[in-house]
Amino acid sequence: MLSYLSKEELKMNLNLFDFKWNLIETNSCSCSFNDFCKAVDVWLMKPHVLNRRICTSQMLWRKEIPNTKLLTFLEDCINSDPECTAVQDISSNDSKCVECCLRKLLPRNRRNETVVNEIIVIDNSSATVVFIPLENQSASTPSLGCENLINDTGYKIEFNESDHSLKLFVGQDYSITATSSFARPSIPWLKNQLLPKLIKWATENNEDSGNQFTSLVAMDEYSKLYAELKQKYGAKFVKLWTEVTDPQKFVYEDVAIAAYILTLWRHETDELGLTTPQSFIDLGCGNGLLVHILTCEGHRGKGVDLRRRKIWDLYGEETCLEESAITPSDSNLFPEYDWLIGNHSDELTPWIPVIASRSSFNSKYFVLPCCFHDFNRKFARVNSNQGQYRAYLDFVFEIGQTCGFTVLEDRLRIPSTKRICHVGKTRTYKAEEQKKIDSKIKELIDKRSSTKKADYSNNMQVMRESESSDSYGEKRELDETQNDSCQKIQRIDQHDRTTFGDDSKNWVQGFTAREKVERVRNCATVCRDLRQEIVNKVAFKLLEEGGVHLRSDTLVKETSLTSDIDSLDDTPASATPTSGTHSFEDDTQTVIKDWRRGGELYLSAVASFLGSDTLKKLKQECGGLKTLLKNANQVFEVSGNTVKIRDWAKSEQEPGKAHASLKKIQDKELLFKTKHCWFHSNHPDGCPRKNHTCPFAHGDIDLRERPTFK
């Protein structure tokens with residue numbers, strides 16, 4: 001941490017260097033000096049949270065340097081190995097000092113970029129921080145000298161508490177255009193990214209009351225291994241992916257998790273002097289990619305999941321994957337494996353520490369909690385002031401401690417919001433005390449579990465109702481083959497599975513695995529007539545809300561007009577009528593008419609006028625109103641808890657997704673004109689787009705045959 005000074009100490013005004021800096025930007029920053037120090041600390045210790053080209057950083061040394069020896073010290077750092085310079089004797093009688101640091105910046109792209117050391121000089125008396133990347137310094141290149149290097153690569157942040165300003169300076173020869181170096185950002189990036197972020201960190205009152213994370217692995221070793229595994233497995237399995245889930249997310253997430261676990265195991269090997277690689281079992285392994293990578297990297301292991309995946313066939317015989325259900329009981333212990341892994345293991349998540357504790361005194365575990373499951377029910381937090389995710393992490397953490405583990409918590413670098421993992425490597429008790437620990441575990445399970453069949457049945461009924469009623473909540477995606485997606489699970493009826501077995505070895509009554517084939521929960525099974533009925537009712541209601549009066553016998557476009565439109569007004573949509581002047585052209589004349597978008601309604605109002613009978617039909621077909629309207633994105637635009645007719649003029653002006661895959665683009669081209677245009681067939685003013693620009697068919701003559709996708 002930067003040292004926080006009193007106002008008297010801040011009266012000193014030391015100029016670090018006597019040469020000129022170029023002022024790039026001055027922004028207002030209403031914060032205290034201490035808040036500025038905290039913001040700088042974030043950039044010093046965690047540059048990767050802002051600069052995505054940085055994987056991580058390491059602070060090699062920090063020490064105070066007398067002012068009179070600063071330039072000499074910097075010259076020594078530049079002309080020699082800066083990692084060794086800090087051991088030099090720099091004692092002096094000068095009472096005025098600055099803080100000097102050396103941090104190592106590790107690039108995310110290890111193939112094309114190398115590690116760069118950076119010197120940081122902190123002058124608390126003038127609230128100034130200078131950054132000097134040493135990217136051009138190597139044994140084979142001549143030294144630029146301190147002043148030349150600062151002019152070429154240095155940038156400075158200066159805070160003035162009296163006028164509440166934050167200033168950005170760069171060296172006189174700093175590149176004006178974007179640079180190719182991850183360690184020396186471009187001037188626009190410093191101006192538009194770093195400076196605003198420093199202001200945000202300094203001014204926002206967001207004290208992190210949660211756990212502070214200290215990485216359990218060496219980040220330089222992890223980042224290097226991740227780059228190797230990414231090159232080895234990443235692109236290959238993205239190309240071969242057979243699941244319906246996004247390979248860009250799931251493949252690289254499993255690669256990152258594998259790199260973390262392998263680095264953790266390497267540390268364990270060094271600490272304990274192990275002679276054989278660790279073995280493992282992955283409970284709820286999903287697509288099995290993590291098992292495949294760990295196996296290929298020399299670790300004996302097995303993955304178990306309730307449902308087989310198509311991609312399992314691509315891994316080969318050396319990857320051991322088993323399709324079976326795991327019920328927490330004495331018959332499902334794994335003393336033959338060193339580590340138990342729970343990677344988004346859903347209902348098995350709270351059981352991972354328990355199974356590890358009872359399998360063997362030498363068993364260890366890694367768990368990445370995601371979906372909120374208790375021992376035999378849905379997890380319910382006790383403290384409403386605590387977030388659901390944090391409450392669940394604390395719950396799983398408590399289970400690990402009750403099981404006798406010293407539980408360690410860490411934050412992974414994965415493309416997921418659920419990225420906090422728990423590691424249980426060591427025990428807090430002796431082997432002969434296992435029975436005592438088992439009693440504590442049983443007491444915890446009994447406390448949190450329903451022991452009466454009636455209580456459990458009521459609990460499951462509440463869970464089914466909460467999951468089947470959409471309540472205008474989040475859209476539920478279809479994931480028929482991927483366990484890792486951690487979507488909400490539709491429970492099956494009690495008679496379809498064994499929930500209260502007679503096996504006395506089961507550790508809890510009422511535990512049930514997910515059904516082998518998950519029910520579709522994205523309204524795909526809702527009959528077409530019901531979907532069309534709801535779409536038409538909602539659309540016509542929105543038009544009426546916007547002042548478009550529809551005759552009951554003419555709910556189609558006016559026959560005197562075609563769907564070709566020359567212009568479209570881009571007036572923002574609102575709860576009031578929205579219209580624009582368009583030209584509807586035919587072979588003989590041009591008719592000017594307003595194309596009317598209609599109004600906007602809350603989903604609660606839509607539910608009210610649709611009626612309970614219609615909503616019950618949706619529930620019976622595992623659907624929700626909001627999901628159905630979102631699926632009809634040709635007609636509707638759903639935002640939050642409101643719905644309105646889609647403004648295609650605005651949609652066409654907005655740029656498409658920057659990361660759309662080539663396959664999605666090709667599929668979109670193949671689907672062109674394979675469905676009827678709702679506006680052409682139903683809107684009183686027709687379609688707001690010309691026939692050749694509308695991706696939907698304007699009449700049967702325009703309709704193309706829909707292709708078949710494998």
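Since the structure is predicted, the reported quantities are computational estimates derived from the model, not experimental observations.

Peer 1: I tried to follow the sheet that holds strand E19 (residues 642–645) on my own but got confused; where do I start?
Peer 2: In sheet architecture, strand pairing relies on hydrogen bonds along the backbone and comes in two forms, parallel and antiparallel. With respect to topology, 3 strands assemble into an open sheet ordered E17-E19-E18, the strand pairing being antiparallel. Since the sheet does not close on itself, it has two edges, and those belong to strand E17 (600–602) and strand E18 (636–639), each with one partner. Recorded for the sheet is a direction-independent mean angle of 25° between the axes of neighbouring strands. Pairing analysis gives 4 bridges linking E18 to E19, with the strands arranged antiparallel. Across the sheet, the residue bridging to Phe-636 is Ile-645, located in E19. Lying on the sheet, helix H14 (residues 603–610) is in contact with E17 and E19; it crosses E17 at an angle near 85°.

Peer 1: When you look at the packing of helix H13 (residues 528–545) against H14 in this model, what are you seeing that I'm missing?
Peer 2: Working note: a packed helix pair is described by the angle between its axes plus the distance between those axes. Where H13 meets H14, the axes come as close as 11 Å, and the angle between the chain directions of the two elements is 120°. When the axes of H13 and H14 are compared, the crossing they make is right-handed. Along the contact surface, H13 presents Ile-534, Lys-537, Val-538 and Lys-541, while H14 presents Val-606, Phe-609 and Leu-610. Among the residues making up the contact of H13 with H14, the classes are represented as 5 nonpolar, no polar and 2 charged.

Peer 1: What should I look at first to understand the pairing of strand E3 (residues 97–107) in this one?
Peer 2: Along any regular strand the residues' side chains alternate between the sheet's two faces. Burial analysis of E3 places 10 of its 11 residues in the buried class, the great majority of the element. Where strand E2 (residues 54–66) and E3 come together, 11 bridges link them in antiparallel fashion. Opposite Trp-61, over in E3, you have Leu-102 as the bridge partner. Taken together, the 7 bridges between E3 and strand E4 (residues 116–123) define a ladder with antiparallel strand orientation. Residue pairing for E4: Cys-100 is matched across the bridge by Val-121.

Peer 1: In this structure, what is going on with the packing of aromatic side chains? I would like to understand it.
Peer 2: If you walk through the whole model with that rule in mind, you get 21 aromatic pairs. With a centroid separation of 4.8 Å and an interplanar angle of 15°, the aromatic rings of Phe-131 and Tyr-155 are classed as stacked. With Phe-131 in strand E5 (residues 128–133) and Tyr-155 in strand E6 (residues 155–160), this pair connects stretches of sequence that are 24 residues apart. By relative accessible area, which is 1% here, Phe-131 ends up buried. A relative accessible area of 1% means that Tyr-155 is categorised as buried. Taken together, the ring pairs in this structure connect Trp-351, Phe-372, Phe-375, Phe-379, Tyr-392, Phe-395 and Trp-507 into an aromatic cluster. Lys-230 extends its terminal NZ or CZ atom over the ring of Tyr-252, reaching a point 5.5 Å from the ring centre. For the cation-ring pair, Lys-249 lies above Phe-250, with the distance from its terminal atom to the ring centre recorded as 4.6 Å.

Peer 1: Whenever I open this one, helix H9 (residues 352–359) confuses me. Can you help?
Peer 2: One turn of an α-helix holds 3.6 residues; hence residues three or four places apart share an orientation. Counting buried positions along H9 yields 7 of 8 residues, so the element is predominantly enclosed. Considered for burial, the residues of H9 that qualify are Ile-352, Pro-353, Val-354, Ile-355, Ala-356, Ser-357 and Ser-359.

Peer 1: Looking at this structure, how should I read the side chain of Asp-254?
Peer 2: Summarising the element assignment, Asp-254 is placed in helix H7 (residues 247–272). The buried charged residue Asp-254 lacks any salt bridge, with Lys-249 as its nearest oppositely charged partner at 8.2 Å. Dropping the residues within four chain positions of it, Asp-254 is found in contact with Asn-287, Leu-289, Leu-290, Ile-293 and Asn-343.

Peer 1: Before we go on, may I ask you to explain the packing of helix H10 (residues 388–402) against helix H11 (residues 434–448) in this structure?
Peer 2: Where H10 meets H11, the closest approach of the two axes is 9 Å, and the angle between their N-to-C directions is 150°. Judged by the inter-axis angle, H10 sits roughly antiparallel to H11. Of H11, the residues touching H10 (which contributes Phe-395, Glu-398, Ile-399 and Thr-402) are Ile-437, Lys-440, Ile-441, Leu-444 and Arg-448. Residues belonging to the contact of H10 with H11 are distributed by class as follows: 5 nonpolar, 1 polar and 3 charged.

Peer 1: Help me understand unusual backbone geometry, please; the structure alone is not making it clear to me.
Peer 2: For residues that are not glycine, phi is negative in most cases, and the peptide bond is trans in most cases. Look at Asp-346: it is not a glycine, yet its phi comes out positive at around 55°. With respect to the secondary-structure elements, Asp-346 resides in the loop between strand E11 (339–343) and H9. Phi angles above zero are rare outside glycine, and Lys-673 is one such case at about 65°. The topology assignment puts Lys-673 in the loop between helix H18 (662–670) and helix H19 (678–682). You can call Lys-673 buried: its relative accessible area is 4%.

About the thresholds
- Residues numbered from 1 in each chain as written.
- Predicted model: local features only at pLDDT ≥ 70, side-chain atom pairs only at ≥ 80, totals over all residues.
- Heavy atoms only, no water.
- Pairing = 2+ DSSP bridges.
- Helix = DSSP H or I, 4+ residues; strand = E, 2+ residues; numbered from the N terminus.
- Axes fitted to C-alpha atoms, helices over the stretch in contact; angles between N-to-C directions.
- Contact = heavy atoms within 4.5 Å.
- Left-handed = near helix turned anticlockwise from the far one by under 90°.
- Nonpolar A, V, L, I, M, F, W, Y, C, P; charged D, E, K, R; others polar.
- Buried < 20%, exposed > 50% of the residue type's maximum accessible area, 1.4 Å probe, protein only.
- Phe/Tyr/Trp six-rings, centres within 6.5 Å; stacked < 30°, edge-to-face > 60°.
- Lys NZ or Arg CZ within 6 Å of the ring centre and 35° of its normal.
- Lys, Arg positive; Asp, Glu negative; His and termini not counted.
- Salt bridge = Lys/Arg side-chain N within 4 Å of Asp/Glu carboxyl O.
- Parallel < 35°, antiparallel > 145°, perpendicular 65-115°, else oblique.

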